[in-house]
Amino acid sequence: MEFSSKLLENAVYEMSQLPGIGKRTALRLVLHLLKQPEERTQHLSNALMTLKSEINFCKKCHNISDTEICEICANPKRDESLVCVVEDIRDVMAIENTSQYNGLYHVLGGKISPMEGVGPQDLNITSLVDRVRQGTVKELIFALSSTMEGDTTNFYIYRQLEGMEITTSTIARGISVGDELEYADEVTLGRSILNRVPFESSMKAN
Ligand SMILES: [Zn+2]
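Residues numbered from 1 in each chain as written. Predicted model: local features only at pLDDT ≥ 70, side-chain atom pairs only at ≥ 80, totals over all residues. Heavy atoms only, no water.

- As annotated in an unreviewed UniProt entry, the chain carries the name Recombination protein RecR and comes from Flagellimonas marina.
- Under the Sequence similarities (unreviewed entry) heading, UniProt states for the chain: "Belongs to the RecR family." (UniProt positions renumbered as here; feature names shortened; annotations may be inferred.)

Below, the structure written as structure tokens:
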């Protein structure tokens, strides 16, 4: 792509570093911004800068939050004996959208993936085991995507909890293996949380 301006080229380059944005789309977005009043771009860049510098992760569940403890963990109406283990905050958003779940979450920040060099130590697993050890949590619901990495992660956590008094379950899926949680529709996802199955029996089924 030949650019008539270095400024334009830089902006397009930065935009195209985002996932799913190729050079052509980046150019279209940049030209769009150029046509808009200057405040548009200012608001956009301010929002991104503040996001990066001021965002917090909940000390309890690692959900993205504006406060030290997120709104879900701080809500006294939520059932703190129930913790749903998810890969990232998109899953929290998907499950919240179902309005079928009243427990808390634990955001792992990824899945164990030797291929991508992600080990258990790279994820928020120690803090999860600590939460269980404190004794308030009675049931953990594994809600990772049913890929090999998801299964490996579930099993790793399950092993860490051996000997502790905790029920483990896994969400029942009406969706095919390998589907990512965030793409499941709300009804299916809501139902799969209500119809969760004991984790042990899910292992035998595999
Ligand atoms: Zn939280």
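### Brief notes about the pairing of strand β3 (residues 79-86)
- Pairing of β3 with strand β4 (residues 103-107) involves five bridges; the strand directions are parallel. Across the sheet, residue D79 finds its bridge partner in β4, namely G103.
- The handedness of the β3 to β4 crossover, carried by helix α5 (residues 89-98), is right-handed. (Pairing = 2+ DSSP bridges. Helix = DSSP H or I, 4+ residues; strand = E, 2+ residues; numbered from the N terminus. Right-handed = clockwise from strand over helix to strand, strands pointing away.)

### A short note on the coordination of the zinc ion
- Only C58 (SG), C61 (SG), C70 (SG) and C73 (SG) from the protein coordinate the zinc ion, and they sit 2.3 Å from it.
- For the zinc ion, the four donor atoms are set out with angles of 106 to 115° between them, so the coordination reads as tetrahedral.
- Site description for the zinc ion: donor spacing in sequence, C-x2-C-x8-C-x2-C. You can see C58 sitting in the loop between β1 (56-57) and β2 (64-65) and its partner C73 sitting in helix α4 (residues 71-74), a full 15 residues away along the chain.
- You can call C58 buried: its relative accessible area is 1%.
- A residue is classified by how much of its surface remains accessible, and C73, at 11% relative accessible area, is buried. (Donors = N, O, S within 2.8 Å, 3.2 Å for Na, K, Ca; no water. Tetrahedral: all angles 85-135°; square planar, octahedral: opposite > 155°, others 65-115°. Buried < 20%, exposed > 50% of the residue type's maximum accessible area, 1.4 Å probe, protein only.)

### Points about the packing of α5 against helix α8 (residues 186-194)
- One can describe the packing of α5 onto α8 by two numbers: an axis separation of 8 Å at closest approach and a directional angle of 90°. As the angle between them shows, α5 and α8 are arranged roughly perpendicular. Listed contacts from α8 to A94, I95, N97 and T98 of α5 are E186, L189, G190 and I193.
- Counted by class, the contact of α5 with α8 contains four nonpolar, three polar and one charged residues. (Axes fitted to C-alpha atoms, helices over the stretch in contact; angles between N-to-C directions. Parallel < 35°, antiparallel > 145°, perpendicular 65-115°, else oblique. Contact = heavy atoms within 4.5 Å. Nonpolar A, V, L, I, M, F, W, Y, C, P; charged D, E, K, R; others polar.)

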